[in-house]
Amino acid sequence: MNIVAEDIHVIRHKKALEFIEEVTKNTDKIQKLVLSEILSISSHVKYLQRHGLNGRTDCETYRNLIPIATYDDLKPFIERIANGDTSPILCGRPITDFVVSTGTSGGERKIFPCIEEDTERLLFVHRLVMPVVNKHITGIGKGKAMFIMFTREISYTPGGLPVSFPLTRVLRSLEFKNRPYDPFDDCSSPEETILCEDLDQSMYSQCLCGLYQSKLVVRVGSVFVGLLLKIVLFIQKRWSLLCNDIRTGTINTQIVTDVSVHEAVKKILVKPDPELADFIEIECKSDESWKGIISRLWPNAKYIDAVITGSMSQYIPSVDFYSNGLPLVSTRYACSESFLGLNLNPLCKPDEVAYTFITTVAYFEFLPIFDENQQKNNKQEQHDAQELVELANVKLGHEYEVFVTTYNGLYRYGIGDVLRVVGFKNTAPQFQFICRKKILLSIDIEKTNELELHNAVQNAMKHLISKFNISLVDYTSYADTTSTRNHGHYVIYWELQDHNSNVNNNAVTIPRLVFEECCFKIEESLSFVYRMNRTIDKSIDPLEIKIVETGTFDKLMDYVVSQGTSVSSYKTPRCMKNVELLNFCVVSNYFSQEFPHYAPGL
C-alpha cells in the first residue's frame, strides 16, 4: 500500500470514529429526527392511514396512534406487495425486492420489503466496523481475511419481485460489486467462489484459497461462529485433496466444476507450492484432536471474526479449543429486519459483548420485561410493562424486547430479541443480547425460553466436563407429548466430542449414572414452575437426554439448507417439532432418576 492510500484509509477511519462519536450523542434528538424522516416519506401509506396517522410526522402522534405489530399484522400488506400491488402500502418509496429470514430462530420464515437505499445504508454501517477493530488490533490492514460466506439462489414473488437472504442481497448488489478496494476488508476468497450457489464447490474453493494464502491471513471468520466449526470439520475431511491441489497447483475438477469459479481460483493458485502442502499435511496429521488447528494453519491470524452471542455462545469452548484461544470478536448486531448496533469494545470477553445502537439506522423502541414477582409487587411497573420506551429512556440493568420502525416499511415491529442495558456510549445505550423471546418448550403451564434452556444445558455440561474431557458439539430440544409414558417430557439431543481421541459421542465409556446426573442437573436449572410441575403436580415426566452419533447436526444443517436456508445465516434450531432425522441418529438415551428440588417461592 502506498503512502497516499494509507493516508486515505487513515482519514476514512478517523471520519468513521468521529461519526460514531457524533451519533451516540443527543440520542433522543437524533431518534426523533429519524422517525420524522421516515414518516415524511411514508406517513401517507395505507397501513399508517388505516390507523389514523393521516400525514402527521411528529413522534407523539405516531406513538399514540400506531399499535405495536407482529408479522401476522403486517403479513396481509406484505402479501399484497408480493403479489404485484405497486401502490404505497407500507412504504412511500418503491419496494424493489424482499429479504427472507432463515426461520431457524423463530420457526417461521418471513419476508420483509426492501427499498433501493437499503444496500447503501447497510454498506455504510459495515464500513464502520473495521475502524473500530483497528483501534484495538494492529496490522489488520496488511493481510487477508479468510471470511467464509455463501449465497443462495434468488427466488421471485408472484408479482415478480426478487426474494433473497440478507447476505445474498448485499453480495449480489451493484453497490457491493462496485465498492472501492479496502485493504482492511481484503478477502482471501475471490468473488466467484462466494457467489457460487453450489455449497460444496463454494466451501472447497474458499478453503483452498484460504489455505494457499495462509501466511497472509490476519483474521479467520464467518457470519456466525457455528459455521466456522463446520469449516474446520470440512477441512478435516478434505485436507488431503486440498493439499494435493496446493502441491500441484491444480484445482480438483471433480469438485470444482463451475468454470468461473475454476478460473478465479486459478488466479490465486499461480504455481505449485509443495512446501506449503507438506506443512498443512504435517499439521493435519500431527494431532488427532486438532487442538489449535486454526492458529496452526493460519499462524498470522490475530482474531476470530464471528457472531458469538446468543445461541452461538455454546460454540465458544470448541472454537477456543481449535484456535488456541485466539480473541473472539463479535463486531455487529443485525437481523433480517434491521441493522441495530456495533461492538465498540471488540476485545472484551465473550460474555461481556455489548452492542451500541447506531441511532441513525432506524427508530428503536423497547418493551420492558418484568418477571411475575415484579409485576405483582409494583402496579406502576405492571402498567409500564405495556408501554414502549424510547431508546434514550431505557434504564441501566433493565431488560427489554426490541421494536423497530424502519425506512422500508416496518412500524413498531417486534423482532423478538430480549436485551439487557449494560452501559452507555455518550447517551446511546449499550445492550447485551439475552435471548429470543419465543418460548421453546412447554408441556403443562411451564414456559421454557431459549436462555433458560441454554443455561440449563451449560450447567449440565459443566458437570460432564468436570469428569471427562468432553465438549458439546451441538444440541437441540423437543417437547415430547406423544410418548407412551404418563405425560409429556422434555427431550434434549446432544452431540458430544471427546478431545482425547477425536471420537465423538463417547457414550460407551461414560457411565450411565453420569448422564442421568446431567438430566437431573438440567431439571434443577429450569424454572420453579417446571420444577413444581415435575415434583409436586407430577404433570411432566422425567427429562431425557438422547446422545446422537457423530455428524448428526451436520446432517441437520444440510437438510435445512437443502430446503432453501442460507448456510451463512444458519443457526441450529434450539427446539424442533420434527425430530425424525435426529431420532434415526440416536446411539443412547438417559432419563433423570430424581425429582428436582422445589419449594414454594423458589
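Located above this text is the structure these notes cover.
Below: a short report on this structure. (Residues numbered from 1 in each chain as written. Predicted model: local features only at pLDDT ≥ 70, side-chain atom pairs only at ≥ 80, totals over all residues. Heavy atoms only, no water.)

Structurally, the position occupied by Thr193 is in helix α10 (residues 191-195). Judged by relative accessible area, Thr193 falls into the buried class, the value being 0%. (Helix = DSSP H or I, 4+ residues; strand = E, 2+ residues; numbered from the N terminus. Buried < 20%, exposed > 50% of the residue type's maximum accessible area, 1.4 Å probe, protein only.)

Tallied over the full model, the rule gives 17 aromatic pairs. Seen from their ring centres, Tyr47 and Phe77 are 5.1 Å apart, and the 90° between their planes marks the pair as edge-to-face. In this pair, Tyr47 is assigned in helix α3 (residues 46-50) and Phe77 in helix α5 (residues 71-82), connecting sequence segments 30 residues apart. Of the residues examined, Tyr47 reaches a relative accessible area of 3% and is grouped as buried. Between the aromatic rings of Phe357 and Phe366, the centroid separation amounts to 5.8 Å while the plane-to-plane angle is 50°, which identifies the pairing as tilted. Residue classification places Phe357 among the buried positions, given a relative accessible area of 0%. What makes Phe366 buried here is its relative accessible area of 0%. Against the face of Tyr407 rests Arg121, its NZ or CZ located 4.1 Å from the ring centre. If you follow Arg574 out to its NZ or CZ, it ends over the ring of Tyr475, 4.3 Å from the centre. (Phe/Tyr/Trp six-rings, centres within 6.5 Å; stacked < 30°, edge-to-face > 60°. Lys NZ or Arg CZ within 6 Å of the ring centre and 35° of its normal.)

Quick look at the pairing of strand β16 (residues 428-436) now. Summarising burial for β16: nine of the nine residues are buried, a large majority. In this structure, strand β11 (residues 355-357) lies alongside β16, joined through two bridges in antiparallel fashion. Across the sheet, Thr356 pairs through a bridge with Gln430, a residue of β16. One ladder, built from eight bridges, connects strand β15 (residues 413-425) with β16; its direction is antiparallel. The residue of β16 that forms the bridge with Val418 is Cys435. If you look at the hairpin formed by β15 and β16, you'll find two residues sitting between the two strands, and Asn426 has a positive phi there, around 55°. (Pairing = 2+ DSSP bridges.)

A separate point is the sheet that holds strand β4 (residues 155-156). Taking strand neighbours across the sheet as the criterion, the four strands line up as β2-β1-β5-β4 in an open arrangement whose pairing is mixed. Two strands bound the open sheet, and with one partner strand each, they are β2 (111-114) and β4. With four bridges joining them, strand β1 (residues 97-100) and β2 adopt antiparallel strand pairing. Opposite Phe98, over in β2, you have Pro113 as the bridge partner.

Before going further, it helps to spend a moment on helix α12 (residues 225-248). Taking 1.5 Å per residue, 24 residues should reach 34 Å; α12 reaches 32 Å between its end C-alpha atoms and fits that length. In α12, a bend of some 70° at Arg238 exceeds every other bend along the element. Phi turns positive, to about 70°, at Gly249, one or two residues after α12. (Expected span 1.5 Å × (residues − 1). Bend = angle between axes of the 7 residues up to and from the residue.)

Our next topic: empty space enclosed by the protein. Counted according to the given criterion, the structure contains four cavities of 30 Å³ or more. There is about 60 Å³ of room inside the largest cavity. Top element by residues in the lining of the largest cavity is α12. It accounts for three residues. A class-by-class count of the residues in the lining of the largest cavity yields seven nonpolar, two polar and two charged. Approximately 50 Å³ is the volume attributed to the second largest cavity. Lining the second largest cavity we find Phe150, Thr151, Arg152, Cys196, Glu197, Leu199, Ser202, Val561 and Val567. The class makeup of the residues in the lining of the second largest cavity is five nonpolar, two polar and two charged. (1 Å grid on protein atoms, 1.4 Å probe; cavity = no way out; pocket = protein on both sides within 12 Å on 5 of 7 lines; lining within 4 Å. Points joined across faces, edges and corners; volume = space filled by probe spheres on them. Nonpolar A, V, L, I, M, F, W, Y, C, P; charged D, E, K, R; others polar.)

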